[in-house]
Amino acid sequence: MTAESEILPHIIQRITGTPTTTYRIANLGGGCINQALKLCFGDQTYFIKLAQTGNLEMFESEAAGLEALAAAGVIRTPGVICVGMTETHTYLVLEHLPLKNTGDQALAGRQLAALHRTTNRRYGWNRDNTIGATPQPNEPCDSWIDFWRERRLGFQLTLAAQQGYQGLLQERGARLQEKLPGLLDHCPAASLLHGDLWSGNLGYDGNGEPVIYDPAVYYGDREADLAMTELFGGFSSRFYRAYNEAWPLDSDYQIRKTLYNLYHILNHLNLFGGHYEQQALAMTDRLLAELGG
């Protein structure tokens, strides 16, 4: 008997209130952290993430993030059905949306700008979550400089030190942390952010309309979301043109985006190692040079 055959009747009963042993499942590719399944019974289809017991908080924060994005009412997200745990697994059940890689990127740009108009008084969020498999602390803060120094850049540098990445990375990282006021002097609004907006977390429904998922939500500088879209490519000039028409970016964004993407490169270093250390060093040196060394 497979783990799925033990867990899915429990999930179905949680959804419907009625146990059933008649269902179809398909394993879906693409998940490097959790197992992804498509569950069908009757005329209903759901998307399920499965993980070993102990990851309930991760799924609860993801569900809360999706609900926060949906509440803004400007860009579609998969509906949250339920989150739960069995003796062996935790699970997150979402609305199943058949998605494509192509669609209306100009609409995606306009909708992201509208999402960023949803703001908060403080930076951070009401709960911690994860960025990939890494914890992401979100304790609210009145200062964007302090938030980025302590909850983002400093946190990832500390994790890197714990994994043995010392020397130049820590020395230059500490220097960059001291000089952050020279980069983050623009007093950004605390915008509602997706938080992990690379092209793999944006799809399009059957009408070509955007759908975002797998968030790492918090309130912060909207430029952090835009920077992430540029890190691994996949967004067209139509997307950026539409975003800038809806809410123009400051010219200094071109400098700050390196700082915001350094967070994600450090996270990749902590998750995967390899060449990301050299990439992080090169980005740090670029920023220090911009600040005069």
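Attention here is on the structure that accompanies the text. Note that the coordinates shown come from a computational prediction; the quantities given were computed from them, not determined experimentally. (Residues numbered from 1 in each chain as written. Predicted model: local features only at pLDDT ≥ 70, side-chain atom pairs only at ≥ 80, totals over all residues. Heavy atoms only, no water.)

A closer look at unusual backbone geometry
Part 1 of the reasoning: The phi dihedral of Cys187 falls on the positive side, at around 45°, and the residue is not glycine.
Part 2 of the reasoning: A positive phi angle, close to 50°, is found at Asp214, a residue other than glycine.

Points about the packing of aromatic side chains
Part 1 of the reasoning: Going through the model one piece at a time under the given rule, you end up with eleven aromatic pairs.
Part 2 of the reasoning: Measuring from ring centre to ring centre gives 4.8 Å for Phe235 and Phe239, while their planes differ by 55°; the resulting arrangement is tilted.
Part 3 of the reasoning: Taking the relative accessible area as the measure of exposure, Phe235 reaches 12% and is therefore buried.
Part 4 of the reasoning: Taken together, the ring pairs connect Tyr123, Trp144, Phe147, Trp148, Tyr218, Tyr260 and Tyr263 into an aromatic cluster.
Part 5 of the reasoning: For the cation-ring pair, Arg117 lies above Trp247, with the distance from its terminal atom to the ring centre recorded as 3.9 Å.
Part 6 of the reasoning: One Lys or Arg, Arg152, reaches over the ring of Tyr218 and ends 4.2 Å from the middle of that ring. (Phe/Tyr/Trp six-rings, centres within 6.5 Å; stacked < 30°, edge-to-face > 60°. Buried < 20%, exposed > 50% of the residue type's maximum accessible area, 1.4 Å probe, protein only. Lys NZ or Arg CZ within 6 Å of the ring centre and 35° of its normal.)

Observations concerning the nonpolar core
Part 1 of the reasoning: Counting residues in hydrophobic clusters, the biggest one holds 60 residues, and the most contacted among them are Trp148, Leu153, Leu169, Leu184 and Leu259.
Part 2 of the reasoning: Among the elements that make up this core, the one with the highest residue count is helix H8 (residues 253–272) (eight residues).
Part 3 of the reasoning: Every residue in contact with Trp148, bar those within four places of it in the chain, is listed here: Leu153, Gly154, Leu180, Leu184, Tyr218, Leu259, Tyr260 and Tyr263. (Core = buried A, V, L, I, M, F, W, Y, C linked by side-chain atoms within 4.5 Å. Helix = DSSP H or I, 4+ residues; strand = E, 2+ residues; numbered from the N terminus. Contact = heavy atoms within 4.5 Å.)

Digging into the sheet that holds strand E4 (residues 80–85)
Part 1 of the reasoning: The strand order across the open sheet built from five strands is E1-E2-E3-E5-E4, with neighbouring strands paired in antiparallel fashion. If you trace the sheet from one side to the other, it starts and ends with strand E1 (24–28) and E4, each paired once. Direction aside, neighbouring strands of the sheet carry axes that sit 20° apart on average.
Part 2 of the reasoning: Note: strand E2 (residues 35–41) against strand E3 (residues 44–52), seven bridges, orientation antiparallel. If you follow Phe41 over to E3, its bridge partner there is Gln44.
Part 3 of the reasoning: Against the sheet, helix H2 (residues 56–72) makes contact with E3, E4 and strand E5 (89–95), and its axis sits at roughly 165° relative to E4, the strand it touches most. (Pairing = 2+ DSSP bridges. Axes fitted to C-alpha atoms, helices over the stretch in contact; angles between N-to-C directions.)

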